[in-house]
Structures are given as C-alpha cells and as structure tokens.
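Inside the fold
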Amino acid sequence: MADTVASTVTSAAVPLRRNLRFQAFWAGSASATLGQAVGDVAYPLAIVTMTGSPGRAALFSAAAVIGLLAASLPAGALADRYDSQRLALAAHAARAAVACVVAIALAGGWLSLPLLLVAAATLGAGQALGSASSVLLLRAIVPAGQLTLALTQDEVRINGATLVGPALAGALYGLRHAAPFAFTAVVFVLAVAATALLRSGPARPAAPARAGGDGGMLAGLRELWGQPLLRATALLIMGINTVGAGLDLVIIVILRHQGAAPWAIGLALGAGAAGGLAGAPLVGFLHRLRPGVLLLAAVGLEVPVLALLAIPLGPWWAAGLLLVSMLSVPALRVLADVLVIRQAPPERRGRVIAALMTLIALGAPAGLVGCGLLLQYLPAQVAMLALAAAMAAVAGYGLSRPELRRARWPRAGR
C-alpha cells in the first residue's frame, strides 16, 4: 500500500500541538468515538422502548459483535493493501449513513428490529475497518519518536467519550427519540470531514509500499501465535477483557440490591472512564517499569479490586474502586501497541492489528454470557467474587509465562 498521507522520522519533528495533521486526526477520531459511545446506549435504548424486551436489545449487541468479528480479519488485509485514509473515510461514512437511516426510520415510524440488526452488523464491520485503518493512519502522520505521546493523548479521546457519551445519549433520547441518532450521524460526518483534511499540509515523501498478499488474512494471527511474547501478551489482554466484559452488569445488580438510585449507579460506572482520563498522564511514569512487570502488576491489582467490589458499601465505594482499577488502562493500551503492533512487520501490521482486535473481541461474548449465568444462579456478590477468582487465574497464567517476566521494552520504532 502507498499511503497518500505519509511521514518520515526527522530530527526536528514538529510538536504534536503544532502538527495540524495530528490535530485533524485527533478531532476526527474524537468525533467518531463520541458517536460510537452515544450509539452504544441509544440503539439498545430504542429497542427496549420499541419492543419492551431487553433480550432483543442483547440481540443488537450480539449482531454488532458478529459484524466486528466477521470483518476484522478482512479489514486488516485491506489496511495492508490500500490507503489508510480512504479506508478510515469509508468506515466513518458507513456509520454516519447507518445513524442517518435509523434516525429517519425512527422519526417516520417505520423502524423495525430487522433493520436495527442489519444496522448493528454494519456498525460492527465499520468499527473493525475504522480501528485497523486509524492505527495505521496515525503512524503515517506522527513521527516514530512521538508515537507514544500521540497514543497517550489519544487516551483522553477514548476515556472522554466513554465518560460523556452515555449521559449525552440519555439526555438526547429524552429530548426526542431520534435525536441521539441524528447527533451520531452529524459527529460521524464531522469525522469524515476531519479525516479528509489530512491531505492538506506540506507534502512528505511516500512510505515504502506494503505488500498485502503475504500470508493472506491469517498472517496476523500467525504472527501473534508464532512469537511467544506476542502470544502471551495477546492472550493475557484477551483474558482481562473476557473477565471485565460483564463487570458493569454485575455492579449494576449489586447496587440495585443496595437500593442505589439510577443516577448514582450511572455516576459509579462513569468513574471508570474518569479513572482512564486520570491515568493518561501516568503513561510515561508507569512505562518506567519493565513491560512484563507493568502488565502483571496491573492484572494482579484487579484481583483485590474485584473482591472489594463485592462488599456492599454503596455507589461511592464502587466508584472509587472503579476509578483506581482504570488508572493503569491507558498505560496498558500503549503497552499493547509497543509490544505487539510496533513489533509486527510493516507489510503485515494491519493484519496483526486485526488479529489482536479479533482475539479481544472473542473474549467479550464469553464474558457476557458467563456473567449472565453467574447472576442467574448465584447472588451478585458471589458472582463478583467469581470474577475476582477468574482474574486471579488470568494473573496466574501471566506469571507462568517466563517471556512476560523477562520482557524488555523494544527499541523505538514504528
């Protein structure tokens, strides 16, 4: 692939605050992430309102995950062959079109569950394509020496949208049922506009072309599985995501049993995103630790946090624990980029990104189903203790891998 937006590493790199391409990228990504965060609440809310069935709302989430999983590996192959900017534009435009159709259908009174399920699968596929292309696009506009700083700033976008999105979705839906979907369409259009602006600015030499036919769609999975450190890191991240997938559901049930008001439950859950925001400035400090030590310490910390969440001391207790548990997450996201994505050969990097996304996404349905079964047959506090035990097993796996314990930060690279 020959990116139309490419950069070279220079000794006199422009600071990120003056890098107009990075600022445009950040604005577009922030718009897309906010649109996704609003949609994650608005779509299930519309289904529950329309059908009165939480189970059908779960079908929407399942369809989105299926779309994501089905599209991830092909999206990685596309990202290795075609221009990252054009792929990102296509992903943003597709999600804008879906939100626009749903808003019109809802306002016109002809919104149906089959249409929403098709929308969910399309949104999942758009997320897969957008994620793979955006990771490569960031590398095309930010010099290698600034990549970690750029990713750290990106954590503000991710956690800010996670914090603001759900409340904004609820407020817009209360105003008018079609409002959150119209808003989502607008912010995805803004993401398209910001991404299109990346072509402006001084021209840079084109990057070497990436070959897309090397190993096919499964090349990324082979790359991850063939290197012990990459495999152990990916599996550990998958384990963390699997255990954490249904955590919010268990917390909601525990707090409801304590008689907490809905607004208090919402604030408690939002504390996790606040912890992510607070953790972004800690990335550089935490990365002074060896990567394996940081990863294992973060997993180990989750075990007592989950156990303490089982103690019924109210929403503020839960909020404080969730905030603490999320402080290390920005550092872990950047760590995954450094240990996994940066070590992939450039011609297969898109497929490695897709493989990592696929492994992480595979764990989420299993975690949600597992939490559902735990809550069906066990008290919520016991279910939380079971999650703590599962996280302890994940930590035990990490401790058993010598390649993680011995891991060192690789040399700087793209």
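Structure first, text after, so check above.
Overview of the structure. Every value quoted in this text rests on a predicted model; they were computed, and no experiment measured them.

Side note on the overall build of the protein
Secondary structure assignment for the protein yields 17 helices and zero strands. Projecting the C-alpha coordinates of the protein onto the three principal axes gives extents of approximately 60 × 55 × 40 Å. When each of the 414 residues of the protein is scored for burial, the buried share is 49%. Within the protein, contacts between residues separated by at least 24 positions form 87% of all contacts whose residues are at least 6 apart in sequence. When the accessible area of the protein is evaluated, it comes to approximately 17,600 Å², of which 69% is carbon and sulfur surface. Of the charged side chains in the protein, 29 are positive and 13 negative; the average position of the first set lies 3 Å away from that of the second.

Quick look at the nonpolar core
Core analysis: the biggest nonpolar cluster contains 65 residues, and Leu138, Leu224, Leu247, Leu306, Leu309, Met384 and Leu387 have the highest contact counts within it. Excluding residues that lie within four positions of it along the chain, leucine 387 makes contacts with Val243, Leu247, Val250, Leu306, Cys371 and Leu374. Ranked by size, the runner-up nonpolar core spans 21 residues in total, among them Val102, Leu111, Ala120 and Phe181.

As for helix H6 (residues 179–196)
If you check H6, its first and last C-alpha atoms are 26 Å apart, about what 18 residues at 1.5 Å a residue would give, namely 26 Å. Where H6 is buried, its residues touch helix H1 (20–51), helix H3 (84–108), helix H4 (113–141) and helix H5 (147–175).

Focus on the packing of helix H8 (residues 228–244) against helix H14 (residues 329–341)
Remark: H8 packs on H14, axes separated minimally by 9 Å, with the N-to-C direction vectors making an angle of 150 degrees. Here H8 lies roughly antiparallel to H14, going by the angle between them. Read as a crossing pair, H8 and H14 show a hand that is left-handed. Contacts between H8 and H14 involve Leu229, Leu230, Thr233 and Ile237 from the former and Leu335, Ala336, Leu339 and Val340 from the latter. Per-class residue counts for the contact of H8 with H14 are seven nonpolar, one polar and no charged.

Remarks on the side chain of histidine 92
By the element assignment, histidine 92 lies in helix H3. Excluding residues within four positions of it along the chain, histidine 92 makes contact with Ala32, Phe188, Ala191, Val192 and Thr195.

Re the environment of serine 400
Take serine 400: it is sitting in helix H16 (residues 380–400). Distance from serine 400 to glutamate 302, taken between C-alpha atoms, is 18 Å for residues 98 residues apart in sequence. There is a polar contact of 2.6 Å between the side chain of serine 400 and the backbone oxygen of tyrosine 397.

As for a nonpolar patch on the surface
On the surface, Val369, Leu373, Tyr377, Leu378 and Val382 cluster together into a nonpolar patch covering about 480 Å² of accessible area. Among the elements that make up the nonpolar patch, the one with the highest residue count is helix H15 (residues 349–377) (three residues). If you trace the backbone, leucine 373 turns up in helix H15.

Describing the pattern of salt bridges
Applying the stated criterion across every chain yields a total of seven salt bridges. Residue arginine 401 is joined to glutamate 403 by a salt bridge in which the shortest nitrogen-to-oxygen separation is 3.0 Å. Via salt bridges that share partners, Arg139, Asp337 and Arg342 belong to a single interconnected network.

Calculation rules
Residues numbered from 1 in each chain as written. Predicted model: local features only at pLDDT ≥ 70, side-chain atom pairs only at ≥ 80, totals over all residues. Heavy atoms only, no water. Helix = DSSP H or I, 4+ residues; strand = E, 2+ residues; numbered from the N terminus. Buried < 20%, exposed > 50% of the residue type's maximum accessible area, 1.4 Å probe, protein only. Contact = heavy atoms within 4.5 Å. Areas by Shrake-Rupley, 256 points an atom, 1.4 Å probe, with all protein chains shown as cover. Lys, Arg positive; Asp, Glu negative; His and termini not counted. Charge placed at Lys NZ, Arg CZ, Asp CG, Glu CD. Core = buried A, V, L, I, M, F, W, Y, C linked by side-chain atoms within 4.5 Å. Expected span 1.5 Å × (residues − 1). Axes fitted to C-alpha atoms, helices over the stretch in contact; angles between N-to-C directions. Parallel < 35°, antiparallel > 145°, perpendicular 65-115°, else oblique. Left-handed = near helix turned anticlockwise from the far one by under 90°. Nonpolar A, V, L, I, M, F, W, Y, C, P; charged D, E, K, R; others polar. Polar contact = N/O pair within 3.5 Å; in protein donor to acceptor, adjacent residues only side chain to side chain. Patch = residues over 30% accessible without salt bridge, like charges linked within 9 Å, V, L, I, M, F, W, Y side chains within 5 Å. Salt bridge = Lys/Arg side-chain N within 4 Å of Asp/Glu carboxyl O.

Remember, this is a structural readout, not a statement about activity or role.
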